[in-house]
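Listed below are the residues making up each chain.
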Amino acid sequence: MILKTFMREGIMPLSVALISTLSKDGGVRNIAPYSCIMPILRPLDLICIASATRRDTLINIRETKEFVVNMVGVDFSDKIVPTAKVAPPEVDEFEVAGLGEKRSETIRAPGIAGSYAWMECTLFKEYAEPDFVLILGKVLRLEVADEVLNAAGELNVAKAQPLMMIGSKKGMHFCTLKDIGMFYSFGSMFREGKDPLADRYLEKE
Ligand SMILES: Cc1cc2nc3c(=O)[nH]c(=O)nc-3n(C[C@H](O)[C@H](O)[C@H](O)COP(=O)(O)O)c2cc1C
């Protein structure tokens, strides 16, 4: 079947993250689901978020230069529509969705309690087009709940059950991940069997 070219998210399941921000005066807490979000290469500490221009999230990020990317599991599936609904900027979306705060360590914007991981970010740069903005964020602090890690300290997807989404013409199907038990080192991609970026991981330890 040949699909229309705009149906990209119909064939690539996307993570669903909740972005939490504060208004300029710090008085209003905002939450919005975002799926157009990705890390920029490895082992950098930058992420890229595609935002429509008319978003309180974007206004808050521009004005406060900070935000938290909260990674949530399927237990948050009933929080997506309440936080996605258009709400006036003065509405506190933690209250609307019945969500609690997790205090951030490096920025003022709070994270969301019950998420399985939190990225505290500052605005690094943005690229603006008339209809959308690419927000580049620098991750200042990255925390993950111990209970979703395996013995090697890596994400156990069966425990975290990351919330994901597949788009259709009419809406969104929500799903999660399944580990297929396969692992390859980065080195296995290179002829010498050595990862050329290995030293950069060591520098960052
Ligand atoms: C699963 C899901 C993913 C979404 N991803 C994005 C996204 O990547 N970028 C975006 O601009 N809007 C996205 N939206 C729409 C916003 O969440 C929605 O417009 C929200 O009301 C924005 O809130 P705000 O104005 O408080 O920022 C998504 C919505 C859902 C339900």
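Just above, that's the structure.
Residues numbered from 1 in each chain as written. Predicted model: local features only at pLDDT ≥ 70, side-chain atom pairs only at ≥ 80, totals over all residues.

Colleague: Would you mind going over the overall build of the chain with me for this structure?
Modeller: When you go through the chain residue by residue, the secondary structure sums to five helices and twelve strands. Its C-alpha atoms give the chain a radius of gyration of 18 Å, within 12% of the compact-globule value 17 Å for 205 residues. For the C-alpha atoms alone, the extent of the chain along its principal axes is close to 55 × 45 × 35 Å. Within the chain, the fraction of its 205 residues that count as buried is 24%. Put simply, 59% of the contacts in the chain that link residues at least 6 apart link residues at least 24 apart. (Helix = DSSP H or I, 4+ residues; strand = E, 2+ residues; numbered from the N terminus. Rg over C-alpha atoms; globule rule 2.2 N^0.38 Å. Buried ≥ 20, exposed ≤ 12 C-beta atoms within 10 Å, placed from the backbone. Contact = placed C-beta atoms within 7 Å.)

Colleague: When you look at the nonpolar core in this model, what are you seeing that I'm missing?
Modeller: Note on soluble globular proteins: their nonpolar side chains tend to be buried together. Ala17, Ile19, Phe67, Val68, Val69 and Val72 are the most contacted members of the largest nonpolar core, which totals 28 residues. Filtering out sequence-adjacent residues up to four positions away, Val68 remains in contact with Ile19, Ser20, Ser104, Ala109, Pro110, Gly111, Trp118, Met119, Glu120 and Cys121. (Core = buried A, V, L, I, M, F, W, Y, C linked by C-beta atoms within 7 Å.)

Colleague: Please explain the sheet that holds strand S1 (residues 14-15) as it appears in this structure.
Modeller: Within a sheet, each strand pairs with its neighbour through backbone hydrogen bonds, oriented either parallel or antiparallel. Taken in spatial order, the three strands make up an open sheet running S1-S11-S12, and their pairing is antiparallel. One side of each edge strand has no neighbouring strand; the edge strands of this open sheet are S1 and strand S12 (172-175). Where strand S11 (residues 164-167) and S12 come together, four bridges link them in antiparallel fashion. What sits directly across from Ile166, in S12, is His173. (Pairing = 2+ DSSP bridges.)

Colleague: Looking at this model, I keep getting lost on the site of the ligand. Mind explaining?
Modeller: Near the ligand, the surroundings consist of 18 residues, among which Ala32, Cys36, Arg55, Asp56 and Thr57 are the closest. For the shell around the ligand, the secondary-structure elements that each account for two or more residues are strand S3 (29-34), strand S5 (46-52), helix H1 (56-64) and helix H2 (80-84). When residues in the shell around the ligand are grouped by element, the largest group, four residues, is from S3. The class makeup of the residues in the shell around the ligand is twelve nonpolar, four polar and two charged. (Near = placed C-beta within 6 Å. Nonpolar A, V, L, I, M, F, W, Y, C, P; charged D, E, K, R; others polar.)

Colleague: I would appreciate a short explanation of the sheet that holds strand S9 (residues 117-128) in the present structure.
Modeller: Read across the open sheet, the seven strands follow the order S3-S2-S6-S9-S10-S5-S4; overall the sheet is antiparallel. Two strands lie at the open edges of the sheet, namely S3 and strand S4 (37-39), each paired on one side alone. Put simply, the sheet's adjacent strands are angled 30° from each other on average, direction ignored. Sheet analysis places S9 next to strand S10 (residues 132-144), joined by eleven bridges and oriented antiparallel. Counterpart to Leu123 in the pairing with S10 is Gly137. Strands strand S2 (17-22), S3, S5, strand S6 (66-71), S9 and S10 of the sheet are contacted by H1, whose axis makes an angle of about 50° with S2. (Axes fitted to C-alpha atoms, helices over the stretch in contact; angles between N-to-C directions.)

Colleague: For this particular structure, what's the right way to read unusual backbone geometry?
Modeller: For the bond from Arg42 to Pro43, the omega torsion is -10°, close enough to zero to count as cis. Tracing the backbone shows Pro43 in the loop between S4 and S5. Phi angles above zero are rare outside glycine, and Lys65 is one such case at about 65°. Mapped onto the elements, Lys65 comes out in the loop between H1 and S6. By C-beta crowding, Lys65 is classed as partly exposed, having 14 other C-beta atoms within 10 Å. In this structure, Gln161 is a non-glycine residue whose phi angle is positive, near 45°. Its location among the elements puts Gln161 in the loop between helix H4 (157-160) and S11.

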